[in-house]
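# Report on the structure
The chain contents come next:
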Amino acid sequence: MRVRLPSIIAVSAIAALSLGVVACTEAEQDQTAAEADAAGDNAEAAAAEAGQELQEGAAAAGEVLEAGAMKAAQAVEEGAGNLADRLEENQAEAAAEGRPGATPPA
């Protein structure tokens, strides 16, 4: 869920101002002030919820990236090990066959 804090605050402020213009009596003004306070509280709660969701999403994304990096590192390590094994095998074969320049593996 995407919540845009500036949008919520702007709508709350416009609503409060609109109600303030309409309210004429002191009781109506008090009611308008209470509604504006409630709208501000709602906006604050929505912003806190959005912040929490963003934090949780970032943590989850970090875990996925870390797992992917670990898998990639393991694949590179395995690939390098396989290449080293093949190189040793080729050197041993070449040395066994007496090819010039071939050296037995260390």
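A short tour of the structure in this document, coming up. For clarity, every value in this text was computed on a predicted model and none was experimentally measured.

### Examining the overall build of the protein chain
- Looking only at helices and strands, the protein chain features two helices and zero strands.
- Looking at the protein chain residue by residue over its 106 residues, the buried ones come to 7%.
- Surface exposure of the protein chain reaches about 8300 Å², of which carbon and sulfur atoms provide 60%.

### Things to note about the side chain of T32
- Mapped onto the elements of the fold, T32 is located in helix 2 (residues 26-97).
- A distance of 2.8 Å separates a polar side-chain atom of T32 from the backbone oxygen of E28.

### Some details on a negative patch on the surface
- A cluster of like negative charges, contributed by D85, E88, E89 and E93, occupies part of the molecular surface.
- Structurally, the position occupied by D85 is in helix 2.

### Let's talk about helix 2
- With 72 residues, helix 2 ought to run about 106 Å at 1.5 Å a step, and its terminal C-alpha atoms sit 105 Å apart, in line with that.
- For helix 2, the full list of buried residues reads T32, A43, A46, A50 and A94.
- One or two positions beyond helix 2, positive phi appears at G98, with a value near 75°.

Parameters and conventions
- Note on numbering: residues in each chain are counted from 1, in written sequence order.
- Restriction of local features to residues with pLDDT of at least 70 applies here, the model being predicted, together with a cutoff of 80 or more for giving and counting side-chain atom pairs; totals for whole chains, interfaces and linings are based on all residues.
- In computing side-chain properties, one takes all heavy atoms of the structure into account and sets aside hydrogens as well as water.
- Secondary structure counts use DSSP, requiring at least four H or I residues in a row for a helix and at least two E residues in a row for a strand, with both numbered from the N terminus.
- In this scheme, a residue with accessible area under 20% of its type's maximum is buried, one over 50% is exposed, and one in between is partly exposed, where area comes from a 1.4 Å probe on protein chains only.
- All accessible areas in this document rest on Shrake-Rupley with a 1.4 Å probe, and a residue is counted as covered only by the protein chains that are shown.
- Pairs of N or O atoms within 3.5 Å make up the polar contacts considered here, provided that, within protein, one atom can donate a hydrogen while the other can accept it, and that residues adjacent in sequence are counted only when both atoms are side-chain atoms.
- Note on patches: the residues involved have over 30% relative accessible area and no salt bridge, like charges join within 9 Å, and the nonpolar side chains Val, Leu, Ile, Met, Phe, Trp and Tyr join within 5 Å.
- The working definition used for a salt bridge is a side-chain nitrogen of Lys or Arg within 4 Å of a carboxyl oxygen of Asp or Glu.
- By the counting rule applied here, Lys and Arg register as positive and Asp and Glu as negative, while His and the ends of each chain are not counted.
- One atom stands in for each charge, and that atom is NZ of Lys, CZ of Arg, CG of Asp or CD of Glu.
- In a helix, the anticipated span is given by 1.5 Å times the number of residues less one.

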